[in-house]
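Chain by chain, the residues:
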Amino acid sequence: MDHNGEWAARRRSVLAGAGAAVVAMTLRPAAAAAAPTGQPLMLWYDEPATDWESQALPIGNGTLGGMIFGGVAAERIQLNEKTLWTGGPGSATGYDGGNWREPRPGALAGVQRAIDEQIRLSPEQVAAELGQPRIGYGSYTTLGDLLIQLGEEPEGVTDYRRELDIDRAVARVTYRAGGVRYTREYFASHPDRVLVVRLTADRPGRIGFTAAMTAPDNRSKTVTAARGRITFAGALTDNHLRYEAQLQVLASGGQRSDGADGSVTVTGADSATLILAAGTDYADRYPGYRGADPHPAVAAIVSRAAVKPYARLRTVHEQDHTELFRRVDLDLGQEPPTQPTDDLLRQYQGGASAADRALEVLFFQYGRYLLIASSRAGSLPANLQGLWSTYEAGPWSVDYHVNINLQMNYWPAETTNLAETTAPLFDFVDALRAPGTVTAEEMFGNRGWVVHNETNPYGFTGVHDWPTAFWFPEAGAWLALHYYEHYRFTRDERFLSERAYPVMKELARFWLDELVTDPRDGSLVVSPSYSPEHGDFSAGAAMSQQIVWELFTGVREAAAALGVDAAFREQVGAALARLDPGTRIGSWGQLQEWKVDWDDPADTHRHVSHLFGLHPGRQLSPRLTPALAAAAVTSLTARGDGGTGWSKAWKVNFWARLLDGDHSHRMLAEQLRTSTLANLWDTHPPFQIDGNFGATAGMAEMLLQSHLGTVDILPALPAAWPSGRVVGLRARGDLTVDVRWSSGAADEITLTAGRAGPVTVRSQLFAGGFRLVDAGTGSRIRVTRDGAQVTFTAAAGHRYIATHGGAG
Ligand code: FUC
């Protein structure tokens, strides 16, 4: 059984706060998009959810999450608080952060020697030398359920509808019973830090229910109710992490009473509002990972929200959400869907119809919705399930896998104009530096820091002993590249100097210390090197080399941009010159996954790690390295269009970067048809949110690319999207881009420059006669033209519009 089979088997038997310090990131507000097209961005269903994973609907404020079932007689809202994790310091089983419990002098050098001599080692051999059983790793765990018992199922329920309006981030349930129309609304507010439920009816006195909270038995619990306030608190048994949730029930009209069992009952009310907050005493601080008792903060948050009128809470929430969400609008000529979302998905034909395009647009925007809901400043980053997990101990601990999954979660953040959502990622990675420094020193004897295949909120930066998924010291470098990308998009120099560059430099130092000379050819290689979850250990697998190449290239650029560290820059440059770039073309024309040509053309493994340099990297591209790109096509074609959810999403991105819009779209269609649940969650299986984020990012890559420094307009437009409009995508260089196209070609391109400087844009629009004007002054802009590419000098804050016409 492999790493994947394990969860599937376990799953059959298992089914069942105080956040990270926010370090200021200065973000310039990206130019606001025009109003959305007015088509409802809505998931909707004509029956309540019975299955958590595939049907319930997610709301979240980055810290607190709820899954809405929408039952008529009984509502269940499954709850999460992002920091509620077992394991770590104080864990019953002990905890070592994955660092070797006994020193192993010479262990790593021994493996390197064995690789030099034998060329390849089995994962089992390496795990026996370098791994150790994992202890105290823990798991993300559900906060529990809020249950709202409304009584017997009424006779004759009609007009039932359950919906999630992703444009406003409000879920709603409506139905008629006994001549009364009932409405419930649900949202999770980031500004007010509460989850809110509102029950109303169109006749007075019809609202009655009992609200109560439950949680699994992996914790102590005390529950009390006083003046309509439920306080639910205790500590996890495993690690004594304290948690608290408070729910204030407010009723207008009718009666409210507190139950001795900690429930609150409302009868005969006109309406009711439920306000919930939760927290833990977790803090993302090595080595203790504990902060303040959550009680005072949770009590205060609920009390503050409870005195605000419901309409005010909702308005403030909607403003907060729409300010982010509405920056991007996508119109593919879709029609507002007339069928429920599960039917829309079932009937999806691969993009042939306006209804199909409605689903594609919804799926794209849903990824953005989910990112906003699961990743806001002040808590942990989005985990394997974003924020939503019903399990006591879920699949892969619902952790932070960093051999692709956490990174994929943030692929859409910059391109789809949600740069703020990266704040928790950077806070989390910053917090890995302290434990990762210990691991780097103890395990490798290196400067800098390291993290391996996966990590938890307790600074697990060492190893375990699952042979095919325990060794991946390149993860830190990959994460550091996200900092650099944030700079490339925002051009925030303060972020570059205070946050990105220090992390990149630490990682570069780790790799300067870690690279070894390959006796076969004298190049610098990573050893032991392992292409994630696949094949044998060897020296210089493509992904290892490509990640180090990207890091060294990026850190040199960053140092140059900052004008610092000349000697270091030279040192990195010298290493880069000797580095094996990890880009070999093999015997069947493929891009080799390993330094020796072991690639099997029949291999369809879900990881396609050797194409890292194509995406998310920039080392391989059809524009600059056509031979390598052709080899990437051969590799990717052999891998096929299958794979798990996230793997398909990655392929959407790969084919877009290969400028093959039709194949990219085919992968999107595959993902929608075979790896998407009725609530539009991506399924690995099980539900894993990376595929949602990866697909959204991939669709953006089809419409706009800028990783090579040029703003490439509609680089991979599929035939299925002959005309459309996108507003508000972001390109590197602090640019916001709108495009209108028809018959597969751009008609109008709008570029809004956040700052002054040269901008190079590529589009077929520039190959013929065109006009480029400054939208503010109306004046024509002078450009230098090179084929379909133009370069001009932008002024900060100016908007430039290119259209057909003029002399060119
Ligand atoms: C990686 C993948 C698995 C799974 C896990 C959470 O290890 O190879 O398929 O997605 O992460």
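If you're wondering where the values come from, they're calculated on a predicted model, not measured in any experiment.

Enquirer: Could you clarify how one ought to interpret the overall build of the chain in this entry?
Expert: Secondary structure assignment for the chain yields 18 helices and 31 strands. The dimensions of the chain, computed from C-alpha atoms along their principal axes, are 80 × 75 × 50 Å. The buried share of the chain, reckoned over its 808 residues, is 63%. When the accessible surface of the chain is totalled, it reaches about 26,300 Å², and 50% of it is carbon and sulfur. Seen as two clouds, the 74 positive and the 90 negative side-chain charges of the chain have centres 6 Å apart.

Enquirer: Looking at this structure, how should I read unusual backbone geometry?
Expert: With glycine set apart, most residues show a phi of negative sign, and most peptide bonds adopt trans. With an omega dihedral of 0 degrees, the bond running from Tyr286 to Pro287 counts as a cis peptide bond. By the secondary structure assignment, Pro287 is in the loop between β16 (271–280) and α4 (295–306). Cis peptide bonds are those with omega within 30 degrees of zero, and the linkage from His615 to Pro616 qualifies with 5 degrees. Tracing the backbone shows Pro616 in the loop between α14 (566–578) and α15 (626–639). In this structure, Arg227 takes a positive phi of about 50 degrees despite not being glycine. As for its position among the elements, Arg227 is in the loop between β11 (222–226) and β12 (229–235). The class for Arg227 is exposed, based on a relative accessible area of 67%. One non-glycine residue, Leu680, lies in the positive phi region at around 65 degrees. The exposure class of Leu680 is buried, given its relative accessible area of 0%.

Enquirer: For this particular structure, what's the right way to read the pattern of salt bridges?
Expert: Two side chains with opposite charge may pair up if their charged atoms get near one another. Inspection of the entire model under this criterion finds 49 salt bridges. Where Asp580 meets Lys595, a salt bridge forms, and the shortest distance between an N and an O atom there is 2.8 Å. On the criterion of sequence distance, the pair formed by Asp580 in the loop between α14 and α15 and Lys595 in the loop between α14 and α15 is long-range, its members being 15 residues apart. By the burial criterion, Asp580 is buried, and Lys595 matches it. Where Asp734 meets Arg755, a salt bridge forms, and the shortest distance between an N and an O atom there is 2.9 Å. One end of the pair, Asp734, is in the loop between β24 (724–731) and β25 (735–742); the other, Arg755, is in the loop between β26 (745–753) and β27 (757–762), with 21 residues separating them in the sequence.

Enquirer: Would you mind going over the nonpolar core with me for this structure?
Expert: Nonpolar side chains tend toward joint burial in soluble globular proteins. Counting 228 residues, the largest nonpolar core has Phe209, Leu274, Tyr369, Phe552, Val711, Ile713 and Trp721 as its most contacted members. Within the second largest apolar cluster, 13 residues are counted, among which are Ala277, Val298, Ile301 and Ala306.

Enquirer: What is the right way to look at the packing of helix α5 (residues 310–325) against helix α7 (residues 354–374) in this model?
Expert: Two measures define how a pair of helices packs: the angle their axes make with one another and the distance between the axes. The N-to-C vectors of α5 and α7 enclose an angle of 130 degrees; their axes lie 10 Å apart at closest approach. Between α5 and α7, the interaxial angle falls into the category oblique. The interaxial crossing formed by α5 with α7 has right-handed handedness. Contact residues: His321, Leu324 and Phe325 in α5; Gln365, Arg368, Tyr369 and Ile372 in α7.

Enquirer: Honestly, the packing of aromatic side chains in this entry has me stumped. Any pointers?
Expert: Describing an aromatic ring pair means giving the distance of the ring centres and the angle of the ring planes. Going through the model one piece at a time under the given rule, you end up with 35 aromatic pairs. Aromatic pair Phe444 and Trp471: ring centres 5.5 Å apart, planes at 40 degrees, arrangement tilted. With Phe444 in helix α10 (residues 423–444) and Trp471 in the loop between β19 (454–455) and α11 (475–490), this pair connects stretches of sequence that are 27 residues apart. The burial state of Phe444 is the same as that of Trp471; both residues are buried. One aromatic cluster in this structure is built from Phe444, Phe470, Trp471, Phe510, Trp511, Tyr530 and Phe537.

Enquirer: Would you take a moment to explain the side chain of Asp536 for this structure?
Expert: Structurally, the position occupied by Asp536 is in the loop between β21 (524–525) and α13 (542–562). A polar contact of 2.8 Å, which involves the side chain of Asp536, links it to the side chain of Arg120. Beyond its immediate stretch of four places on either side in the chain, Asp536 contacts Arg120, Leu121, Ser122, Pro123, Ser529, Tyr530 and Trp594.

Enquirer: Explanation requested: the sheet that holds strand β5 (residues 144–149) in the structure shown.
Expert: Note on sheets: strands pair through backbone hydrogen bonds, and any given pair is parallel or antiparallel. Strand order in this open sheet of 7 strands is β2-β3-β4-β5-β10-β15-β14, and the pairing throughout is antiparallel. At either end of the open sheet lies a strand with only one pairing partner, and these are β2 (57–60) and β14 (255–258). Strand-to-strand twist of the sheet, defined as the mean angle between neighbouring strand axes without regard to direction, takes the value 20 degrees. When β2 meets strand β3 (residues 64–68), the two strands line up antiparallel, connected through 4 bridges. Its bridge partner being in β3, Leu57 is matched across the sheet by Ile68.

Enquirer: Would you take a moment to explain helix α16 (residues 645–657) for this structure?
Expert: One turn of an α-helix holds 3.6 residues; hence residues three or four places apart share an orientation. Helix length check: α16, at 13 residues, gives a terminal C-alpha distance of 19 Å against a target of 18 Å (1.5 Å per residue), a fit within 8%. Of all 13 residues in α16, 13 are buried; the element is thus mostly enclosed. With its phi angle positive at about 65 degrees, Leu659 sits one or two positions after the end of α16.

Enquirer: Looking at this structure, I do not really get the pairing of β16. What am I missing?
Expert: Here is the key point about a regular strand: its side chains alternate between the two faces of the sheet. Judged by how many residues are buried, β16 sits mostly within the fold: 10 of 10 residues are covered. The two faces of β16 match: Ser271, Thr273, Ile275, Ala277 and Gly279 on one face and Ala272, Leu274, Leu276, Ala278 and Thr280 on the other face are all buried. Relative to β16, strand β9 (residues 194–201) runs antiparallel, the two sharing 6 bridges. Within the sheet, the bridge partner assigned to Val196 lies in β16 and is Ile275. Relative to β16, strand β13 (residues 242–252) runs antiparallel, the two being bridged by 10 bridges. When the bridges of β16 are listed, Tyr243 appears paired with Thr280.

Conventions adopted
Residues numbered from 1 in each chain as written. Predicted model: local features only at pLDDT ≥ 70, side-chain atom pairs only at ≥ 80, totals over all residues. Heavy atoms only, no water. Helix = DSSP H or I, 4+ residues; strand = E, 2+ residues; numbered from the N terminus. Buried < 20%, exposed > 50% of the residue type's maximum accessible area, 1.4 Å probe, protein only. Areas by Shrake-Rupley, 256 points an atom, 1.4 Å probe, with all protein chains shown as cover. Lys, Arg positive; Asp, Glu negative; His and termini not counted. Charge placed at Lys NZ, Arg CZ, Asp CG, Glu CD. Salt bridge = Lys/Arg side-chain N within 4 Å of Asp/Glu carboxyl O. Core = buried A, V, L, I, M, F, W, Y, C linked by side-chain atoms within 4.5 Å. Axes fitted to C-alpha atoms, helices over the stretch in contact; angles between N-to-C directions. Parallel < 35°, antiparallel > 145°, perpendicular 65-115°, else oblique. Left-handed = near helix turned anticlockwise from the far one by under 90°. Contact = heavy atoms within 4.5 Å. Phe/Tyr/Trp six-rings, centres within 6.5 Å; stacked < 30°, edge-to-face > 60°. Polar contact = N/O pair within 3.5 Å; in protein donor to acceptor, adjacent residues only side chain to side chain. Pairing = 2+ DSSP bridges. Expected span 1.5 Å × (residues − 1).

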